[in-house]
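Residue strings, one per chain:
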Amino acid sequence: MSDHGDSTSESRGEAAEREAAKRRLLAQAEADRVPVEETTRAVPDRRWRRDR
């Protein structure tokens, strides 16, 4: 039964590590995010109308 305490602390450590990794990923995604104002707007291709 003494292993139960070790596995609890180990799972808490893993949970904390997962939470830290999650925060790092979210911070990286936020840093890489491009604001909508900076994106280019799609321009429709109207070359098909030239033949008419």
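In this numbering scheme, every chain counts its residues from 1 along its sequence in written order. Where local features are concerned, this predicted model is filtered to residues with pLDDT of at least 70; where side-chain atom pairs are given and counted, the filter is 80 or more; whole-chain, interface and lining totals use all residues. Here the side-chain values reflect all heavy atoms present in the structure, with hydrogen atoms and water set aside.

Caption draft 1: Spotlight on the overall build of the chain. Runs of E in the DSSP output that reach at least two residues are strands. Runs of H or I that reach at least four are helices, and both are numbered from the N terminus. Helices and strands together make up the secondary structure of the chain, namely 1 helix and 0 strands. Looking at the 52 residues of the chain, the share that counts as buried comes to 0%. For the chain, the accessible area works out to roughly 5,600 Å², and carbon and sulfur atoms hold 51% of it. Think of it in three bands: residues with accessible area under 20% of the maximum for their type are buried, residues over 50% are exposed, and the middle band is partly exposed, with areas taken using a 1.4 Å probe on protein chains only. Only the protein chains shown count as covering a residue, and every accessible area follows the Shrake-Rupley method with a 1.4 Å probe.

Caption draft 2: Focus on the pattern of salt bridges. A pairing counts as a salt bridge when a side-chain nitrogen of Lys or Arg comes within 4 Å of a carboxyl oxygen of Asp or Glu. Enumeration according to the criterion identifies 2 salt bridges in this entry. With a closest N to O distance of 3.4 Å, glutamate 19 and arginine 23 form a salt bridge. Of this pair, glutamate 19 and arginine 23 both sit in helix H1 (residues 2–32), 4 residues apart, which is roughly one turn of the helix. Taking the relative accessible area as the measure of exposure, arginine 23 reaches 57% and is therefore exposed. Where glutamate 30 meets arginine 33, a salt bridge forms, and the shortest distance between an N and an O atom there is 3.4 Å.

Geometry only, nothing functional implied.
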